[in-house]
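Examining the three-dimensional arrangement
Take a look at the letters that make up each chain.
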Amino acid sequence: SAAAGDGGAALTAADACAHGAAGAAGAAAAECPWSGGWSLQLLAGELLASPGPFLQLQIAALSCDSDTAELRAQLTAAQEEGADGDDDAASRALLPVLVSDPEPAWLDHDTKQRFLSCKPSLEGCRQQAQLTHAWRASRSVDGVMTRPAPHFHALSGLLPIHVLGVSPEGHAVIVVKTSGAKAMVDAVFKGKDSTLTPAQLEDHLALVNEFLVKAAAPDPLPAGSQVQIYDLAGFKLSYAMGGDIMSLFQLLMEFGTYYPERLHQAIILNAPSWFNVPWKMITGFLDANTRAKIVVVRSPGAALQQLSHHLHGEANVPVAWGGKCSLPFEQYPGHRQLLQLVEKLNAGSGCP
């Protein structure tokens, strides 16, 4: 699932964060025996077309179901070669089918590329996309940004997730105040004693993630990911020891499955000395690529340079993190945009 201001002129700088930066599509590399050495022309009426590498890539992917790296690498090269032409349109039509033909509306070209990058095999990519499709259908995620969000403020008050803006590279910057983890667990995962349900939390997280992907940072790869800041100030050891906390952690991990290749960097601030023990347990659930994107610091000042970069300067970094911004998170431009959406969704529904 951070652009700030310092009042006055600093807020202007923060407002600039909310618009982000555009990007081009991309991916990574290996080898597939059916990927080259031939070409094919299509004749339609009087038009003779050479689809170039894209048709080859589709057949290569179908022939080499064990590895998607060559597919991703050649797509990158073909897109670079055809940046000024119509090859991107061809690639949209000729990428391997992941869910259905045609693909569901949520699986657009950029999202499809992210799914093709999330597993080493094409079959693994398909399974993850199909699992996501089933989840989206079960929770009606496609309509989550058009219907009331009656539990938004209650859930936000328990485990605050603030959208602070967009980095210079076009990644949404968010902060999670983890001190509310126990309150969230007690409210959602205590069975008949709970005041809220896991399904309501799922819908809440779906709304936040859809907002990040479609509104806050909608640019395609290599942009459109997230800088996630986890502030552990106030997070106690007893929170990590409770068994119910794993239910919350598991749900959050599932969203990594539903929104793959969306993490640009995670910065964990104010990590207490005892954090090493649960951190070792947590990293056991993470692949090497994800672990490499995570920075853990005990003092926010140690990450000031990175925070300043993502937030367009120290003027937009919170004072508590060593910066110069005294705005509450709710007033950052990115979060104001989210609150305005929720207010619009709840207007006339009787929801706050």
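No experiment lies behind these values; they were computed from the predicted model shown. (Residues numbered from 1 in each chain as written. Predicted model: local features only at pLDDT ≥ 70, side-chain atom pairs only at ≥ 80, totals over all residues. Heavy atoms only, no water.)

Examining the packing of helix α6 (residues 122–139) against helix α11 (residues 245–258)
- Between α6 and α11, the shortest axis-to-axis distance is 9 Å and the interhelical angle comes to 115°. Here Q128, L131, T132 and W135 of α6 come into contact with α11, specifically with F255, G256, T257 and Y258.
- A per-class count over the contact of α6 with α11 returns 4 nonpolar, 4 polar and no charged. (Axes fitted to C-alpha atoms, helices over the stretch in contact; angles between N-to-C directions. Helix = DSSP H or I, 4+ residues; strand = E, 2+ residues; numbered from the N terminus. Contact = heavy atoms within 4.5 Å. Nonpolar A, V, L, I, M, F, W, Y, C, P; charged D, E, K, R; others polar.)

Here's the deal with the packing of aromatic side chains
- On inspection of all chains with the given rule, the structure shows 11 aromatic pairs.
- Seen in terms of ring centroids, W106 and F115 are 5.7 Å apart; in terms of plane orientation they differ by 65°. Their pairing is edge-to-face. Both residues of the pair, W106 and F115, belong to the buried class.
- On the numbers, 5.8 Å between centres and 55° between planes, the contact of F329 with Y332 is tilted.
- Residue classification places Y332 among the buried residues on the basis of a relative accessible area of 0%.
- Joined through ring pairs, the aromatic side chains of W135, F255, Y258 and Y259 make up one cluster. (Phe/Tyr/Trp six-rings, centres within 6.5 Å; stacked < 30°, edge-to-face > 60°. Buried < 20%, exposed > 50% of the residue type's maximum accessible area, 1.4 Å probe, protein only.)

With respect to the environment of F235
- Following the sequence through the fold, F235 ends up in the loop between β5 (226–231) and α10 (237–241).
- With 57 residues separating them along the chain, F235 and T178 place their C-alpha atoms 6.1 Å apart.
- Residues within four places of F235 in sequence aside, it is in contact with T178, S179, A181, A240 and W274.

Brief notes about the confidence of the model for the chain
- Averaged over every residue, the pLDDT of the chain is 79; residues scoring 70 or more account for 72%.
- Overall, residues 1–66 carries pLDDT values under 50, and its contacts beyond four positions in sequence, including any with other chains, amount to 152 contacts.
- Here residues 82–87 is a poorly scored stretch, pLDDT under 50, and it has 3 contacts once near neighbours within four places are set aside; other chains count. (pLDDT = per-residue confidence, 0-100.)

Topic: the nonpolar core
- Counting 54 residues, the largest nonpolar core has M184, V188, L201, L207, L212, L248 and F255 as its most contacted members.
- With residues up to four places along the chain from it excluded, the contact list for L207 reads V144, M145, A149, F152, L341, V342 and L345.
- Ranked by size, the runner-up nonpolar core spans 18 residues in total, among them V175, L307, L311 and V317. (Core = buried A, V, L, I, M, F, W, Y, C linked by side-chain atoms within 4.5 Å.)

Topic: the pairing of strand β6 (residues 263–269)
- Of all 7 residues in β6, 6 are buried; the element is thus mostly enclosed.
- Two strands pair when backbone bridges link them, and β5 and β6 are joined in this way by 6 bridges, in the parallel orientation. The partner of Q228 across the bridge, within β6, is A266.
- Of the strand pairs in this sheet, β6 and strand β7 (residues 294–296) are connected by 3 bridges, and their pairing is parallel. By the bridge assignment for β7, A266 is matched with I294. (Pairing = 2+ DSSP bridges.)

A few points about unusual backbone geometry
- Cis geometry marks the peptide bond from D101 to P102, where omega comes out at 0°.
- Along the polypeptide, P102 turns up in the loop between α4 (87–94) and α5 (109–116).
- For the bond running from L221 to P222, omega is 10°, close enough to zero to count as cis.
- Among the structural elements, P222 can be located in the loop between α9 (198–216) and β5.
- A positive phi is found at H312, a non-glycine position, where the angle reads about 65°.
- Relative to the elements of secondary structure, H312 occurs in the loop between α14 (304–310) and α15 (333–346).

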